[in-house]
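Summary of structural features
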Amino acid sequence: MSSSVQSPQQELLRTALLAGQVPAAATAREASRTAAAPALAVTTIPVGSNPVGLAFIPNGDLYVANSGSNNVFTIDTATDTVIGAAIPTGTTPAWLTVAPNGNAYVPNNISNNVTVIDTATSTVLTTIPLSGGPSAAVVIPSGNVYVSRFSASSVQQIDTTTNTTVGAAIPTGSGPVGIAVAPNGKAYVANRNGNSVTVIDTATATVVTTIPGFNQPNFVAIGPSGDAYVANIGSNSVSLVNTTTDTVATTIPVGTNPWGITVGPDGNAYTANRGSNNVSVIDTTTNTTIGAPIPVGSQPIALVVAPDNKVYVTNIAGGSVSVIQFDPTISSITPNSGPVTGGTVVTITGTNLTGASVDIGGNPATGVTVNSTGTQLTATTPPGAAGPADVTVTTPGGSVTVVGGFTYVVPVHATSLTATPALTKLFPPHVYFPFLTATLTDQVTGLPVPGQPILFKAGSNVLGIANTDAQGVARVNETLTLTLILLNHGYEVSFAGAVTPTAVLSPSSDQAGVVEP
């Protein structure tokens, strides 16, 4: 911590340059060098002054607490734009939370109170007085809210039914900020000035233990295993706390001055590295970082991950929220084959599919819909050439291609062949109509089939071969073959089958007798 005199806001949010922080010019050079490396896209949403905390509200939109402009902005997460009017708060709103009843609780560090917002109407319901520099809020299993009090070194519970404080303040170490609640019901409070984490039993509101060995711990997140990940500003690291034994299991190096940490639906942990202006990604299975840090805005301080795996990061010095969207992935395509005529509804499963378009064989699929978590989409295949076709999914984060991911097949269509009787006078033999005719029909479409060869025979004798016309009718002159037709009491026609661009036509045959008008 700087030895210079700081205001209470600077004490909690440290608006001065941090020790080890990358200056803006150096950050720009770093971004130009590394931005292309990660498989992702980063966009920026301008918000209010000095944004800090973020919290999703029940309709899926995102609240952002602006500590410098003393208000909360709403981001539409479908369009990633600010919507509606700013919601006023007290002075220096910090890390907020949303309770199960739908109300948002915003700790105001300087005015020493908590603003309660009805997220359904985005209006202020009430303001709860709370001394001691309230800094961060979290929901506990009862549905009530814990608020850390940075200058009072304690946590206070708020009853979310009455919107009043309940019980005595729970003592913590010095300078508590972030709080996270593990599945076992214990709350883990990062004491930045005390270099410790206080463990509270939320069922009894009593301190279980205090874990030492941290270096300016600022925020806490719970991983898929139920263990706690603690971001250490002073050591550029994340400490993993075993929530069964309440001991530090390991330490993971990250970027410079990690202020914020969260865990996404993909199971990865993300840190907002305020000193290096980037985000580190931690694989919570191996507890190692993944790839290079992701450059974002100026002094990232907090972050959350949406159900579709988009990461939202507040940049306190940039007055903005960075949105990180990762490259899509594809794990399966079902079904993976269909007719060349198109029209097959396919389901593509993967990750980061939000905002996707789909090409199959270079042609756009239609009717693309993506689920709310960005893990599955459906689309209707366009027409295509027979054989394997590449499937490409493109999102704002990038694209992915499965070579030969869908196979176009030519469907088999049954056919019918109908022969007309030979019109002949038997004694003496005389032809009334000079042609034998046969009509070929596609049984699937019900349409005549043109341009196909039809074989006419009488016994073992070939009477002729003729192609069907536009009406599917083939004709052979019977004048010279009448004797053979009479000897065999009629004639037979056959179609050997064929492959067309749109279907495999199956063989068919028929026979017709002799009719004397």
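Since the structure is predicted, the reported quantities are computational estimates derived from the model, not experimental observations.

Some thoughts on the overall build of the protein
- Each helix and strand in the protein was counted, giving 3 helices and 51 strands.
- Taking the principal axes of the C-alpha coordinates as reference, the protein spans close to 125 × 50 × 45 Å.
- Burial statistics for the protein: of 517 residues in total, 51% are counted as buried.
- For the protein, the share of sequence-separated contacts (at least 6 apart) that also reach a separation of at least 24 residues comes to 49%.

Regarding the side chain of Gln 156
- For Gln 156, the location among the structural elements is in strand S12 (residues 154–159).
- Given a relative accessible area of 6%, Gln 156 falls into the buried group.
- Residues contacting Gln 156, with those up to four places away along its chain left out, are Leu 130, Val 145, Tyr 146, Val 147, Arg 149, Thr 165, Val 166, Gly 167, Ala 168 and Ala 169.

So, the nonpolar core
- Residues Leu 54, Trp 95, Ile 301, Tyr 312 and Val 321 are the most contacted members of the largest nonpolar core, which totals 36 residues.
- At 3 residues, the largest contribution of residues to this core is made by strand S27 (residues 300–305).
- When neighbours within four sequence positions are excluded, Ile 301 is seen to be in contact with Leu 13, Pro 51, Val 52, Trp 95, Trp 259, Gly 260, Ala 272, Arg 274, Thr 314 and Ile 316.
- Leu 436, Leu 463, Ala 474 and Tyr 491 belong to the second-largest nonpolar core, a separate cluster that totals 22 residues.

Structural notes on the confidence of the model for the protein
- Counting all residues, the mean pLDDT for the protein is 91, and 91% of those residues have values of 70 or more.
- Taken together, the stretch residues 1–7 has pLDDT below 50 and engages in 6 contacts with residues farther than four places along the chain or on a different chain.
- For the stretch residues 21–38, pLDDT sits under 50, and the model shows 15 contacts to residues farther than four places along the chain or on other chains.

So, how was this worked out
Residues numbered from 1 in each chain as written. Predicted model: local features only at pLDDT ≥ 70, side-chain atom pairs only at ≥ 80, totals over all residues. Heavy atoms only, no water. Helix = DSSP H or I, 4+ residues; strand = E, 2+ residues; numbered from the N terminus. Buried < 20%, exposed > 50% of the residue type's maximum accessible area, 1.4 Å probe, protein only. Contact = heavy atoms within 4.5 Å. Core = buried A, V, L, I, M, F, W, Y, C linked by side-chain atoms within 4.5 Å. pLDDT = per-residue confidence, 0-100.

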